[in-house]
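As a plain string of letters, each chain reads:
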Amino acid sequence: MAKKKLSEYRAKRDFTKTAEPSGTAAVRPAKHPRYVIQKHAATRLHYDFRLEFDGVFKSWAVTRGPSVDPKDKRLAVEVEDHPLDYGDFEGTIPKGQYGGGTVMLWDRGFWTPLGNESAQEQLRKGELKFVLAGEKLKGSWVLVKMKGDRFGGKRNNWLLIKHKDEGAHAGDADKILSLDRSVASNRTMDQIAAGEGRGPEPFILRGRRAKRPDAVWNSNKASDDSDPEPAPAPRKALKRIPVRKMAKTRTKKAADKASGADTVLGIAISNPGKELWPSATASAVTKLDLVHYLDTVGDWMLPHIKGRPCSVIRAPDGIDGERFFQRHAMRGMSSEIDLVRISGDREPYIEVNSVKGLIALGQIASLEFHPWNCAPFEPDTPGRLVFDLDPAPDVEFSNVVRAANELRERLEKVGLVPFCKTTGGKGIHVVTPLKTRRGDGVGWDDAKMFAGALCQQMAQDSPDAYLIKMTKKLRKGRIFLDYFRNDRMATAVAPLSPRARPGATVSMPLTWAQTKQGLDPKRFTIQTAPALLKKSSAWEGYSESERPLKSAIKKLLGS
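Residues numbered from 1 in each chain as written. Predicted model: local features only at pLDDT ≥ 70, side-chain atom pairs only at ≥ 80, totals over all residues. Heavy atoms only, no water.

(A) Local environment of the overall build of the chain. Across its full length, the chain carries eleven helices and 27 strands. A separation threshold of at least 6 residues defines the contact pool for the chain, and within that pool the share at least 24 residues apart is 67%. Only carbon and sulfur atoms are counted for the fraction: they give 51% of the accessible area of the chain, which is about 25,600 Å². (Helix = DSSP H or I, 4+ residues; strand = E, 2+ residues; numbered from the N terminus. Contact = heavy atoms within 4.5 Å. Areas by Shrake-Rupley, 256 points an atom, 1.4 Å probe, with all protein chains shown as cover.)

(B) Broad picture of the pattern of salt bridges. Scanning the entire structure with this criterion turns up 23 salt bridges. A salt bridge links Lys-58 to Asp-81; the nearest nitrogen and oxygen atoms lie 3.4 Å apart. Taken as a pair, Lys-58 in strand 3 (residues 56-62) and Asp-81 in strand 4 (residues 74-82) lie far apart in primary sequence, 23 residues in all. Here the two residues Lys-58 and Asp-81 agree in accessibility, since each one is buried. A salt bridge links Glu-117 to Lys-125; the shortest N-O distance between them is 2.5 Å. The exposure class assigned to Glu-117 is partly exposed, which follows from its relative accessible area of 36%. Taken together, the shared-partner salt bridges connect Glu-117, Glu-121, Arg-124 and Lys-125 into one network. (Salt bridge = Lys/Arg side-chain N within 4 Å of Asp/Glu carboxyl O. Buried < 20%, exposed > 50% of the residue type's maximum accessible area, 1.4 Å probe, protein only.)

(C) Representation of empty space enclosed by the protein within the structure. Enumeration over the complete set of coordinates arrives at two cavities of 30 Å³ or more. Here the largest cavity is characterised by a volume of approximately 70 Å³. Looking at the largest cavity, it is lined by 14 residues, and the ones nearest its centre are Arg-384, Lys-421, Val-431, Val-493 and Pro-495. Looking at the lining of the largest cavity, the elements that each hand over two or more residues are strand 22 (384-391) and strand 24 (428-433). (1 Å grid on protein atoms, 1.4 Å probe; cavity = no way out; pocket = protein on both sides within 12 Å on 5 of 7 lines; lining within 4 Å. Points joined across faces, edges and corners; volume = space filled by probe spheres on them.)

(D) Structural context of the packing of helix 8 (residues 397-413) against helix 9 (residues 444-461). At a minimum axis separation of 11 Å, helix 8 and helix 9 run at an interaxial angle of 125°. Compared by their axis directions, helix 8 and helix 9 come out oblique. Considering how the two elements wind past one another, helix 8 and helix 9 form a crossing that is right-handed. Contact with helix 8, carried on its side by Ala-403, Glu-406, Leu-407, Arg-410 and Leu-411, involves Phe-450, Leu-454, Gln-457, Met-458 and Asp-461 of helix 9 and no other residues of that element. A per-class count over the contact of helix 8 with helix 9 returns six nonpolar, one polar and three charged. (Axes fitted to C-alpha atoms, helices over the stretch in contact; angles between N-to-C directions. Parallel < 35°, antiparallel > 145°, perpendicular 65-115°, else oblique. Left-handed = near helix turned anticlockwise from the far one by under 90°. Nonpolar A, V, L, I, M, F, W, Y, C, P; charged D, E, K, R; others polar.)

(E) Examining the packing of aromatic side chains more closely. Applying the stated rule across the entire model yields 15 aromatic pairs. With a centroid separation of 5.7 Å and an interplanar angle of 65°, the aromatic rings of Phe-110 and Phe-203 are classed as edge-to-face. One end of the pair, Phe-110, is in strand 6 (residues 101-113); the other, Phe-203, is in the loop between helix 4 (189-194) and strand 10 (240-244), with 93 residues separating them in the sequence. Accessibility expressed as a relative area gives 32% for Phe-110, which makes it partly exposed. On the accessibility criterion, Phe-203 (15% relative accessible area) is buried. Note on Trp-111 and Phe-130: the rings are 6.2 Å apart at their centroids and 90° apart in plane angle, and the pair reads as edge-to-face. Highlighted residues: Trp-111 in strand 6 and Phe-130 in strand 7 (residues 127-134), separated in sequence by 19 residues. You'll find Trp-111 and Phe-130 in the same group, each marked buried. Put simply, the rings of Tyr-35, Phe-49, Trp-60, Trp-111, Phe-130 and Trp-158 touch in pairs and so form one group of aromatic residues. (Phe/Tyr/Trp six-rings, centres within 6.5 Å; stacked < 30°, edge-to-face > 60°.)

(F) Local environment of helix 8. An ideal rise of 1.5 Å per residue puts 24 Å on 17 residues; helix 8 measures up with 25 Å between its terminal C-alpha atoms. Those residues of helix 8 lying buried are Phe-397, Val-400, Val-401, Ala-403, Ala-404, Leu-407, Arg-410 and Leu-411. Gly-415 sits one or two residues past helix 8 and shows a positive phi near 90°. (Expected span 1.5 Å × (residues − 1).)

(G) Here's a closer look at the packing of helix 6 (residues 287-305) against helix 7 (residues 355-363). Contact pair helix 6 / helix 7: the axes reach a minimum separation of 8 Å and the direction vectors enclose 145°. Along this stretch, helix 6 crosses helix 7, giving a crossing that reads as right-handed. The residues of helix 7 that touch helix 6, namely those facing Lys-287, Leu-290, Val-291, Leu-294, Asp-295, Gly-298, Asp-299, Met-301, Leu-302 and Ile-305, are Val-355, Leu-358, Ile-359, Gly-362 and Gln-363. Classifying every residue of the contact of helix 6 with helix 7 gives nine nonpolar, three polar and three charged.

(H) Structural detail: the sheet that holds strand 26 (residues 479-482). The strand order 25-26-22-24-23-27 describes an open sheet built from six strands, whose pairing is mixed. The sheet is open, and its two edges are formed by strand 25 (466-467) and strand 27 (509-510), each paired on a single side. Strand direction decides the pairing type here: strand 23 (residues 419-422) and strand 27, joined by two bridges, are antiparallel. Across the sheet, the residue bridging to Cys-420 is Leu-510, located in strand 27. (Pairing = 2+ DSSP bridges.)

Spelled out as structure tokens, the structure:
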């Protein structure tokens, strides 16, 4: 039951890039249900209030923190259920990951419902009364679901209210928040962010050893001193098992004929005027604009994402709101989106095998598309190599262009055919398609080894210009040659995918003639890319340019 409740939690997190608890750790039994409150300095500072309930933490984001003044009602936005082992986390979520920011264990203890009705029945009715016995919060409280949300509102908004008892303090609304040290480590938020002091003592998990004080949920580019080499995954063969295939529908012409102005390929677009990219120097880009863009470029994108698990970055409230990374299916996801199970993971992955699937993902505000780099429908086989040229902030883009052309020459020298695209940001991707040959013994370990060796040669030849370690303190004035995308289950942004960044830029495919001094990656946006693509010959002959990696490895090692 708990696993089903955690499907949304897991769908929002990429566990190949983050060490967040997944709900598999051994939890210490307790006579009474537990609660934790985590102070969370994310995009907006808030307090995550979590009640142990049927094997998970029912969770609310209390925007201004709890108040001990009964007259002061605090907004509590219900969020996805969290695993119980989450209740012992204190540390930092890297910027760019879902909920990025510093997390403190602000309070914890036990709770019990009040009244004759069960907690389940009270929650169903939208009014849960309970007692807290914590280190900071004590006495009785109530969570009341706001009337506008009791009958199908889009957000599950509640109010957290203190009852009048000995723990209440009228007029001292925020005084309790001045008790601003961790109950698990006695650290401040600044100390936690710096990884200083003692580690947090566990409350939920078995064992009583303190956790490391510098706990960080690492992404591939998170900590300054993190090891760029991710932990090796078990090397059992990956198998693809279709879970749900998109139902056949009417033709586009028939669907459009039966549709209204806010329907694309027969898919109704809710809140079409929602600004996903608010206006800055250019006009705003709405959800309907995004969907029309995906419809226009979808046939071009499809060969590069079809048959591969595809993670997305969603921003339901636009790029200025909360964003989250999703690779697994979530409850209520449109049947137009294909699902596939990969051996070793019980949760099905998203797979985009049609333009209509792109549209369905656009409808739920999927702003970025990050497919695996495997061969189509063969997750255990390398289908392409992707080299991410990621410059330090002080490096001119002209140097990135120069690096892309140098990498092109090195790849051509070993018999591979490289292609180029902007990333939608400050970097460039160089991509080379691989010929799939069963039985040649070349797998993901070989692909990563080859990519790393090639980049190492390039960095050794020009150490002042390039490096292959992501350590930020070494990056100044240099370009990080990121080859770590060439591994099983690693992703890279798809060509023509939008980016959740100001300006609504896209990852634009280029010809090598375009990859020259004066290139401006910011000119490729959702508004401009479709017309530019019509005039471009970029990536022509891509599928015919596949070359065997085995031959390239021999040439590289022999050079």
